[in-house]
Amino acid sequence: MPQTFRPTSLALVLALLIGSPALLASEKPVAKVAAPAPMGDDKAPLPLEELRTFAEVLDRIKAAYVEPVDDKTLLENAIKGMLSNLDPHSAYLEPEAYAELQESTSGEFGGLGIEVGIEDGFIKIISPIDDTPASKAGIQPGDLIIKIDGQPTKGLSMTEAVDKMRGKAGSKILLTLVREGGQPFDVELQRAVIKVKSVKSQLLEGHYGYLRISQFQVNSGEEVGKALAALKKQNGGKKLSGIVLDLRNNPGGVLQAAVEVTDHFLKKGLIVYTKGRIANSELRFSADPADASEGVPLVVLINGGSASASEIVAGALQDHKRGVLMGTDSFGKGSVQTVLPLNNDRALKLTTALYFTPNGRSIQAQGIVPDIEVSRAKITRERDDENFKEADLAGHLGNGNGGADKPSNGKGKAAGQSPRPQDDDFQLSQALNLLKGLSVTRGE
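First, a word on scope: everything that follows refers to the structure included in this document. (Residues numbered from 1 in each chain as written. Predicted model: local features only at pLDDT ≥ 70, side-chain atom pairs only at ≥ 80, totals over all residues. Heavy atoms only, no water.)

1. Examining the overall build of the chain
Here is step 1: A count of helical and extended segments in the chain gives 10 helices and 21 strands.
Here is step 2: Counting all 444 residues of the chain, 45% fall into the buried class.
Here is step 3: Taking as baseline every contact in the chain between residues at least 6 positions apart, the subset at least 24 positions apart corresponds to 70%.
Here is step 4: Counting only carbon and sulfur atoms, one obtains 52% of the accessible surface of the chain, whose full area is about 22,400 Å². (Helix = DSSP H or I, 4+ residues; strand = E, 2+ residues; numbered from the N terminus. Buried < 20%, exposed > 50% of the residue type's maximum accessible area, 1.4 Å probe, protein only. Contact = heavy atoms within 4.5 Å. Areas by Shrake-Rupley, 256 points an atom, 1.4 Å probe, with all protein chains shown as cover.)

Here it is in structure tokens:
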């Protein structure tokens, strides 16, 4: 019974729409499972009075509504209403949406590449997915979509918004956004077939590794293991001086993947546990003795777009004091959704459990608070080349110990050096600086 962690996502129902697997990420077909057995008070007699009222409402609509409505439509709308009033993440998946959910597990999607939720009746961006039309257009977490192709989104259900944004790869769509209470602005995007690679890595300056996880897919744990091995190889086979684990704008994904990723950084102890009412919803996951990260200093970057499975990883590493969390408060989704297939090519995406960090924290509606708060900022660098130094003066004395002169024009980026991730990313540069400081204090 695949269990996934992530906010309600357009991309989920929008396979050809919001180009992101961004949404429920189990990369294997959802298995058929039996409906959960009734428990506790659920064995109470059916509420006959309420059922009579339901039947009466159904009959009145059929008889008096301005246009004829068939029984199938009315009953499916009633089911959708039941699910939509439980919580924002439970949903009734009709055949097309269910098929698209299963298709999304392949890691290839058509659409824009954004994770969304609903706030105050508007569609809210939870996070853009790396290397997609949305991220390339500069869409940011927290942006509100107030219009889709000129039509207001206020009051639209998630399904209705998804229908409006669905379209073929290559087709264009105009989103009107509001950012942080500012003035509305338009962004035109072209839907695309999106292949999402969940794990990226590279060696930063010195001997520091950078590991970016954009979402948690089924194979993310294995990919992180390979990335750590590749970073060590790039470092000449030597142990790294530190690692930055970037979980910013990671909307979540598969529970097992989050556990496997965390396990790469821990040698022992509880990683996460869940509590629910149905069978198999109460689970505990613990680390094994292997540590692919070799215990090197670790800084974990999070922000408001880090949700669900990302928060599991961040919370576990924080509770075990394995790494320093840096950035801003995370999204705060602490619930587990289980896909329960029905016998008519439909399914329920139902919230079945809450998860807790090793210390028993629930982050539901609160989020993970970083150890060091660092907000997004634009880096601007002042030129120091124009200031004269001792080495610029004619007839200056040489260094008494034989060191080379360092005139003012000798500083700066080497000619032809390619841009580095930390050059334009303030949060990442601060994380790297912290790792350097830890290396100095450790005498490495």
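2. Observations regarding the environment of Lys-147
Here is step 1: Within the secondary structure, Lys-147 is located in strand β6 (residues 144–148).
Here is step 2: Residue Lys-147 is classed as partly exposed on the basis of its relative accessible area of 34%.
Here is step 3: Taking the C-alpha atoms as reference points, Lys-147 and Thr-176, separated by 29 residues in sequence, lie 4.9 Å from one another.
Here is step 4: Other than its neighbours up to four places away in sequence, Lys-147 contacts Pro-152, Thr-153, Leu-174, Leu-175 and Thr-176.

3. Thoughts on the packing of helix α8 (residues 255–263) against helix α9 (residues 309–319)
Here is step 1: Put simply, α8 and α9 touch, their axes get as near as 9 Å, and they point 30 degrees apart. As summarised for this structure, α8 and α9 are arranged roughly parallel, according to the angle between their axes. Pair α8 / α9 crosses with right-handed handedness. Side by side, α8 and α9 meet where Leu-255, Ala-258, Val-261 and Thr-262 of the first sit next to Ala-309, Ile-312, Val-313, Ala-316 and Leu-317 of the second.
Here is step 2: The residue makeup of the contact of α8 with α9, split by class, is eight nonpolar, one polar and no charged. (Axes fitted to C-alpha atoms, helices over the stretch in contact; angles between N-to-C directions. Parallel < 35°, antiparallel > 145°, perpendicular 65-115°, else oblique. Left-handed = near helix turned anticlockwise from the far one by under 90°. Nonpolar A, V, L, I, M, F, W, Y, C, P; charged D, E, K, R; others polar.)

4. A closer look at unusual backbone geometry
Here is step 1: Despite not being glycine, Glu-180 has its phi angle at roughly 50 degrees, a positive value.
Here is step 2: Overall, Glu-180 belongs to the exposed group, its relative accessible area being 78%.
Here is step 3: Of note in this structure, Asn-249 is not a glycine but carries a positive phi near 55 degrees.
Here is step 4: If you trace the backbone, Asn-249 turns up in the loop between β13 (242–246) and β14 (253–254).

5. Describing the sheet that holds strand β17 (residues 298–302)
Across a sheet, strands are paired by hydrogen bonds formed along the backbone, either parallel or antiparallel in direction.
Here is step 1: Judged by pairing direction, the sheet is mixed, and its six strands sit side by side in the order β11-β12-β13-β17-β18-β21 without closing on themselves. The sheet is open, and its two borders are formed by β11 (199–203) and β21 (372–373), each paired with just one other strand.
Here is step 2: Where α9 meets the sheet, its contacts fall on β13, β17 and β18 (324–327), and the angle it forms with β17 comes to roughly 140 degrees. (Pairing = 2+ DSSP bridges.)

6. What to know about the packing of aromatic side chains
Here is step 1: Here the structure, examined in full by the defined rule, presents one aromatic pair.
Here is step 2: A centroid spacing of 5.3 Å and a plane angle of 15 degrees characterise the contact between Tyr-273 and Phe-356, whose relative ring orientation is stacked. Separated by 83 residues along the polypeptide, Tyr-273 in strand β15 (residues 270–276) and Phe-356 in strand β20 (residues 347–356) bring together distant segments of the chain. Neither Tyr-273 nor Phe-356 differs from the other in exposure class; each is buried.
Here is step 3: Over the ring of Phe-356 we find Lys-275; its NZ or CZ atom is 5.3 Å from the centre of that ring.
Here is step 4: The ring centre of Tyr-273 lies 5.3 Å from the NZ or CZ of Arg-284, which sits over that ring. (Phe/Tyr/Trp six-rings, centres within 6.5 Å; stacked < 30°, edge-to-face > 60°. Lys NZ or Arg CZ within 6 Å of the ring centre and 35° of its normal.)

7. Description of the layout of surface pockets
Here is step 1: Of the volumes computed, that of the largest pocket is approximately 1,300 Å³.
Here is step 2: Looking at the largest pocket, it is lined by 40 residues, and the ones nearest its centre are Pro-141, Arg-248, Asn-249, Asn-303 and Arg-376.
Here is step 3: Per-element tally for the lining of the largest pocket: the top contributor is strand β5 (residues 122–128), with four residues.
Here is step 4: For the lining of the largest pocket, a count of residues per class yields 12 nonpolar, 12 polar and 16 charged. (1 Å grid on protein atoms, 1.4 Å probe; cavity = no way out; pocket = protein on both sides within 12 Å on 5 of 7 lines; lining within 4 Å. Points joined across faces, edges and corners; volume = space filled by probe spheres on them.)

8. Looking at the pattern of salt bridges
Here is step 1: For the structure shown, the criterion picks out 18 salt bridges.
Here is step 2: Salt-bridge contacts for Glu-56 lead to Arg-60; the nearest nitrogen and oxygen are separated by 3.1 Å. Linking Glu-56 with Arg-60, this pair stays in helix α2 (residues 48–64), spanning four residues, or about one helical turn.
Here is step 3: A residue is classified by how much of its surface remains accessible, and Glu-56, at 43% relative accessible area, is partly exposed. (Salt bridge = Lys/Arg side-chain N within 4 Å of Asp/Glu carboxyl O.)

9. Thoughts on the side chain of Asn-303
Here is step 1: As for its placement among the helices and strands, Asn-303 is situated in the loop between β17 and α9.
Here is step 2: Since its relative accessible area comes to 8%, Asn-303 is described here as buried.
Here is step 3: A polar contact of 2.9 Å, which involves the side chain of Asn-303, links it to the backbone nitrogen of Gly-305. (Polar contact = N/O pair within 3.5 Å; in protein donor to acceptor, adjacent residues only side chain to side chain.)

10. Remarks on helix α7 (residues 220–234)
Here is step 1: Taking 1.5 Å as the rise per residue, α7 with 15 residues should run 21 Å; its terminal C-alpha atoms sit 20 Å apart, in good agreement.
Here is step 2: With its phi angle positive at about 75 degrees, Gly-236 sits one or two positions after the end of α7. (Expected span 1.5 Å × (residues − 1).)

11. Overview of the packing of α7 against α8
Here is step 1: Relative orientation of the contacting elements α7 and α8 amounts to 25 degrees, with a least axis distance of 7 Å. With respect to each other, α7 and α8 are oriented roughly parallel. Each of Ser-220, Gly-221, Glu-222 and Val-224 in α7 lies in contact with α8, whose residues at this interface are Ala-257, Glu-260 and Val-261.
Here is step 2: Class assignment of the residues belonging to the contact of α7 with α8 gives a composition of three nonpolar, two polar and two charged.

12. Quick look at the pairing of β17
Here is step 1: Judged by how many residues are buried, β17 sits mostly within the fold: five of five residues are covered.
Here is step 2: Pairing of β17 with β18 involves four bridges; the strand directions are parallel. Residue pairing across strands places Ile-302 opposite Gly-327, the latter belonging to β18.
Here is step 3: Note that the unit made of β17, α9 and β18 has a crossover that is right-handed. (Right-handed = clockwise from strand over helix to strand, strands pointing away.)

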